[in-house]
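The residues making up each chain are set out below.
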Amino acid sequence: MKLNNWSEQGFLFFSVLMLVLGIPYGVPAFAQTVLPDSITVSTTAVVELVFAAPSQGEVENGEGFYSIKGGSRTSLLISARKDAAPVRTLVVREGGRTHRFTLVFKQDAAAARHDYSNLQSPATKPQNQILTGSKDATLVIGDRRPNSKEKALLDQWLLEGNNFYNLKQWDSAKLRFTWMLPYKGKQLQVAQQKLKEIAAIQQNQVLEKEQRYLKAMDSARNLVQVKRFKDAEVAVLRALYYKPGDTEGQQLLAELKPLVAKQRQEETNIEVQEYLRKADLAIKAKRFLEAEEQLLAALRIDPSQIIAAKKLKELGDKPRAERYQLSRQRGDSLYKAGSWDAARREYELAAQAKIKDSYVQTQLKKVNQQQRLALQQVQYQQAISNGDIALKNGNLDGATSEYQRANRIFPDSVHPKKQLTFIIQQRKGQQVKQTVKANR
């Protein structure tokens, strides 16, 4: 393992832990040979960089960069895909130092744990806690007495493990408790107990998924028997959710595909025929708009429907003419009721059905006039109300302004003129009183 520009002061504690999924945590296996500049990694592994000191930097693994933020200890997970390149360079940059090593991906590689906590200089070789030999080799549990720094790490791993355990993040919890296994002390029994509990929980989860898979597959087979192929397809997809890649499920799904397609086509044909039937009834009753809607619905389901297209063409302008008459009638009724916005919408629909129709254009102008008048009435009443309040409070200037605004809106209105005349008289009376007072 090459470590470039390693500083003797403030050196970074870190380790790379490759955890192979499926290895029993009671007796973890560590059983591969590590070359000086490379590490063999299982394509089903998770690579974790563990920093035991605050760090700022980035990691590059050939696919992108990962930020590393400061903290008492930071870890970064990098997943190795099954289709990963056979060889990949991993670069860790932090604090002006660069650490480079090569990950060699191999499907059957066993797990390995590399401890760099004792590195003092670039010339120092890492103390690898790796057992070489067969894949069945095991790590001796509780054979190492922790020093003061390792005790602090054990306390931190225990805290993190418990936190992940409470959050039901079993893999993250299991990882922390596994790190504690080589060390003697009271934490070892806690870690072993937690690992047993996690193993039992995960085993129950596996059994539960298997039961749900079997239930879904049984449901799918029963649905096939009664020719409910679409529902059967959903059941198989649910089964594959619990057991991805299952051969039996994939085979049944493939067998269902043409049956589902045929059933959907049959259902489409039935639905289209129903729309055509309703369209025929509407045409006989001279409800051309309704007939048009039914034919368009049929074409939305099956754009290649020749009969629906032919009937739609035969309708010609009849739906448009019906739309004009209906919208015009509704617009007139709403106009008489004083519902200006609703009347406008109906007249606009009528105008779309019969472009440049003089009657509809005239009605739209009337609606505009009525809407403007309604707005002016609101503004007039507001000005009168504001003027009356100002006059009552003795604010002659404010009252004058509001009454003048009301007079501009409706020049023929009597009330604002009357009030303005009253205000003029009030001002004259005030001037007389001030003159008399000044002459005394």
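The rules behind these values
Residues numbered from 1 in each chain as written. Predicted model: local features only at pLDDT ≥ 70, side-chain atom pairs only at ≥ 80, totals over all residues. Heavy atoms only, no water. Axes fitted to C-alpha atoms, helices over the stretch in contact; angles between N-to-C directions. Helix = DSSP H or I, 4+ residues; strand = E, 2+ residues; numbered from the N terminus. Parallel < 35°, antiparallel > 145°, perpendicular 65-115°, else oblique. Left-handed = near helix turned anticlockwise from the far one by under 90°. Contact = heavy atoms within 4.5 Å. Nonpolar A, V, L, I, M, F, W, Y, C, P; charged D, E, K, R; others polar. Expected span 1.5 Å × (residues − 1). Buried < 20%, exposed > 50% of the residue type's maximum accessible area, 1.4 Å probe, protein only. Lys, Arg positive; Asp, Glu negative; His and termini not counted. Salt bridge = Lys/Arg side-chain N within 4 Å of Asp/Glu carboxyl O. Phe/Tyr/Trp six-rings, centres within 6.5 Å; stacked < 30°, edge-to-face > 60°. Lys NZ or Arg CZ within 6 Å of the ring centre and 35° of its normal. Core = buried A, V, L, I, M, F, W, Y, C linked by side-chain atoms within 4.5 Å.

Caption draft 1: Spotlight on the packing of helix 5 (residues 247-284) against helix 6 (residues 288-301). Packing of helix 5 against helix 6 brings their axes to within 8 Å, and their N-to-C directions diverge by 165°. In terms of their interaxial angle, helix 5 and helix 6 are classed as roughly antiparallel. Between helix 5 and helix 6 lies a crossing whose hand is left-handed. For the pair formed by helix 5 and helix 6, the contact residues are T268, E271, V272, Y275, L276, K278, A279, A282 and I283 on the first element and F288, E290, A291, Q294, L295, A297, A298 and I301 on the second. When the residues that make up the contact of helix 5 with helix 6 are grouped by side-chain class, the tally is 12 nonpolar, two polar and three charged.

Caption draft 2: Representation of the packing of helix 8 (residues 318-336) against helix 9 (residues 340-353) within the structure. In contact at an axis separation of 8 Å, helix 8 and helix 9 are set at 160° when each is read in the N-to-C sense. Classified by the interaxial angle, the pair formed by helix 8 and helix 9 is roughly antiparallel. Crossing hand, helix 8 versus helix 9: left-handed. Across the interface between the two elements, R320, R323, Y324, S327, R328, R330, G331, D332, L334 and Y335 from helix 8 touch W340, A342, A343, E346, Y347, L349, A350, Q352 and A353 from helix 9. Looking at the contact of helix 8 with helix 9 residue by residue, the classes come out as 10 nonpolar, three polar and six charged.

Caption draft 3: Molecular detail of helix 9. End to end, helix 9 covers 20 Å across 14 residues, agreeing with the expected 20 Å (1.5 Å per residue, within 8%). Along helix 9, the positions that sit buried rather than exposed are A342, A343, E346, Y347, A350, A351 and A353. Tucked into the core, helix 9 has its buried residues touching helix 8 and helix 10 (358-392).

Caption draft 4: Geometry of the environment of I409. Within the secondary structure, I409 sits in helix 11 (residues 396-409). With relative accessibility at 18%, the residue I409 sits in the buried group. Between the C-alpha atoms of I409 and Q376, which are 33 residues apart in sequence, the distance is 6.6 Å. In this structure I409 touches Q376, Q379 and Y380, once residues within four positions along its chain are discounted.

Caption draft 5: A look at the side chain of E346. Counting through the fold element by element, E346 comes out in helix 9. The side chain of E346 sits in the buried core without any salt bridge; R330 is the nearest counter-charge, 4.2 Å away.

Caption draft 6: Representation of the packing of aromatic side chains within the structure. Per the stated rule, a full pass over the model turns up five aromatic pairs. Between R328 and the ring centre of Y359, over which it is positioned, the NZ or CZ distance is 3.8 Å. Between K354 and the ring centre of Y324, over which it is positioned, the NZ or CZ distance is 4.9 Å.

Caption draft 7: Structural view of the pattern of salt bridges. Scanning the entire structure with this criterion turns up 17 salt bridges. Across the pair D218 and R221 runs a salt bridge whose closest N-O atoms are separated by 3.1 Å. Of this pair, D218 and R221 both sit in helix 3 (residues 186-225), three residues apart, roughly one helical turn. Given a relative accessible area of 43%, D218 falls into the partly exposed group. The class for R221 is partly exposed, based on a relative accessible area of 32%. With its nearest N and O atoms 2.6 Å apart, the salt bridge here joins E274 to R277. One end of the pair, E274, and the other, R277, are both in helix 5, three residues apart, so they sit about a helical turn from each other. Using a relative accessible area of 43% as the deciding quantity, one classes R277 as partly exposed. Three or more residues joined by partner-sharing salt bridges are found here, namely E210, K243 and D246.

Caption draft 8: The nonpolar core, seen in detail. L154, W157, Y165, A173, F177, M180 and I198 are the most contacted members of the largest nonpolar core, which has 17 residues in total. Taken together, the elements giving at least two residues each to this core come down to helix 1 (148-166), helix 2 (170-179) and helix 3. Those residues in contact with M180 that sit more than four places away from it in its chain are L154, W157, L158, Q187, L188 and A191. With 15 residues, the next largest nonpolar core counts L223, A232, L256 and V260 among its residues.

Caption draft 9: Looking closely at unusual backbone geometry. The phi dihedral of K168 falls on the positive side, at around 65°, and the residue is not glycine. Note on placement: K168 falls in the loop between helix 1 and helix 2. Notably, K227 is not glycine yet its phi reads approximately 65°, a positive angle. Along the chain, K227 falls in the loop between helix 3 and helix 4 (229-242).

These values are about where atoms sit, not about what they do.
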